[in-house]
Amino acid sequence: TANEGDNAIILYCSDTSGNIGATPLISFFVDTTASTQVNGLTISQIPKKPILNLSWNPSTEPDLNFYRIYRSLSSFSDVSSLTPIAQIKETFYVDTNLKSETTYYYAVSAIDTLNNENKNVQSISSTTPDLSAPIITITSPTLITYNIKNIDVSYKTNEPTSWCTYSLNNAA
């Protein structure tokens, strides 16, 4: 078994007559050490858009190759069973075409030139803004003839509203 770091090997063989042959010294390096965890991950929303901006501190790994970005709908601390949504060299990522009012969890890992990755991460979350207009149903007046001019307007919505207004006979 080779050691982490520098190694050297020479192979000796003896034939049936007792003659010994040797290979030249072969040096090689073993790197199985996973990169350190990426830190400083932050997520910011883009107002009125289903977009989240991710950014993080650059890795200090001397043999850094790229970053993997992971996303889930639930918190996670290990990426072994997840598929990355992106592999990039930059320290920022823009995640687009997300669903309105949905919480997403993200983590970023650093990958070195030998594909070593620290699978243990800390996910953080952000929620996309509400982009859906409320669905409004008028409950009064109804499609009947009224014998009064003062008609009460009643309605219901599928979500809480901060204000409502109406236009009668297309008046502003």
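Cut-offs applied
Residues numbered from 1 in each chain as written. Predicted model: local features only at pLDDT ≥ 70, side-chain atom pairs only at ≥ 80, totals over all residues. Heavy atoms only, no water. Pairing = 2+ DSSP bridges. Helix = DSSP H or I, 4+ residues; strand = E, 2+ residues; numbered from the N terminus. Axes fitted to C-alpha atoms, helices over the stretch in contact; angles between N-to-C directions. Phe/Tyr/Trp six-rings, centres within 6.5 Å; stacked < 30°, edge-to-face > 60°. Buried < 20%, exposed > 50% of the residue type's maximum accessible area, 1.4 Å probe, protein only. Core = buried A, V, L, I, M, F, W, Y, C linked by side-chain atoms within 4.5 Å. Contact = heavy atoms within 4.5 Å. Salt bridge = Lys/Arg side-chain N within 4 Å of Asp/Glu carboxyl O.

Student: Is there a simple way to think about the sheet that holds strand E9 (residues 92–95) in this case?
Tutor: One open sheet accounts for 3 strands, arranged E5-E6-E9; its pairing is antiparallel. The open sheet terminates on both sides in strands that have one partner only, identified here as strand E5 (42–45) and E9. The average angle at which neighbouring strand axes cross in this sheet is 20°, direction not considered. The sheet contact formed by strand E6 (residues 52–55) and E9 spans 4 bridges and is antiparallel. Looking at the pairing, serine 55 lines up with phenylalanine 92 of E9.

Student: Quick question: what am I supposed to make of the packing of aromatic side chains here?
Tutor: For any pair of aromatic rings, the description rests on two quantities: the centre-to-centre distance and the angle between the ring planes. Throughout the structure, instances matching the rule amount to 1 aromatic pair. Geometrically, the ring pair formed by tryptophan 56 and tyrosine 67 is edge-to-face, given 5.5 Å between the ring centres and 70° between the ring planes. With a gap of 11 residues between them, tryptophan 56 in the loop between E6 and strand E7 (64–72) and tyrosine 67 in strand E7 connect regions that are remote in the sequence. Like tyrosine 67, tryptophan 56 is buried.

Student: Please clarify how the nonpolar core should be interpreted in this entry.
Tutor: In a soluble, globular protein the nonpolar side chains are often hidden away together inside. Ranked by internal contacts, the top residues of the largest apolar core, which has 16 residues, are Leu54, Trp56, Tyr67, Ile69, Tyr93, Tyr106 and Val108. At the level of elements, E6, E7, strand E8 (86–88) and strand E10 (103–112) are the ones that each hand at least two residues to this core. For this core, the leading source of residues is E10, giving 4 residues. In this structure isoleucine 69 touches Leu54, Trp56, Pro84, Ile85, Ala86, Ile88, Tyr93, Tyr106, Ala107 and Val108, once residues within four positions along its chain are discounted. Among the nonpolar cores identified, the runner-up in size contains 5 residues, and Tyr70, Val79, Ala107 and Val121 belong to it.

Student: Teacher, can you tell me more about the pattern of salt bridges here?
Tutor: Side chains that differ in sign of charge can pair as their charged atoms come close. This structure, assessed with the given rule, holds 3 salt bridges. The partner of arginine 68 in a salt bridge is glutamate 117, and the shortest N-O contact between them spans 2.8 Å. Of this pair, arginine 68 sits in strand E7 while glutamate 117 sits in the loop between E10 and strand E11 (124–127), and the two are 49 residues apart along the sequence. You'll find arginine 68 and glutamate 117 in the same group, each marked buried. Glutamate 117 is paired through a salt bridge with lysine 119; the nearest N and O atoms lie 3.0 Å apart. With relative accessibility at 9%, the residue glutamate 117 sits in the buried group. You can call lysine 119 partly exposed: its relative accessible area is 34%.

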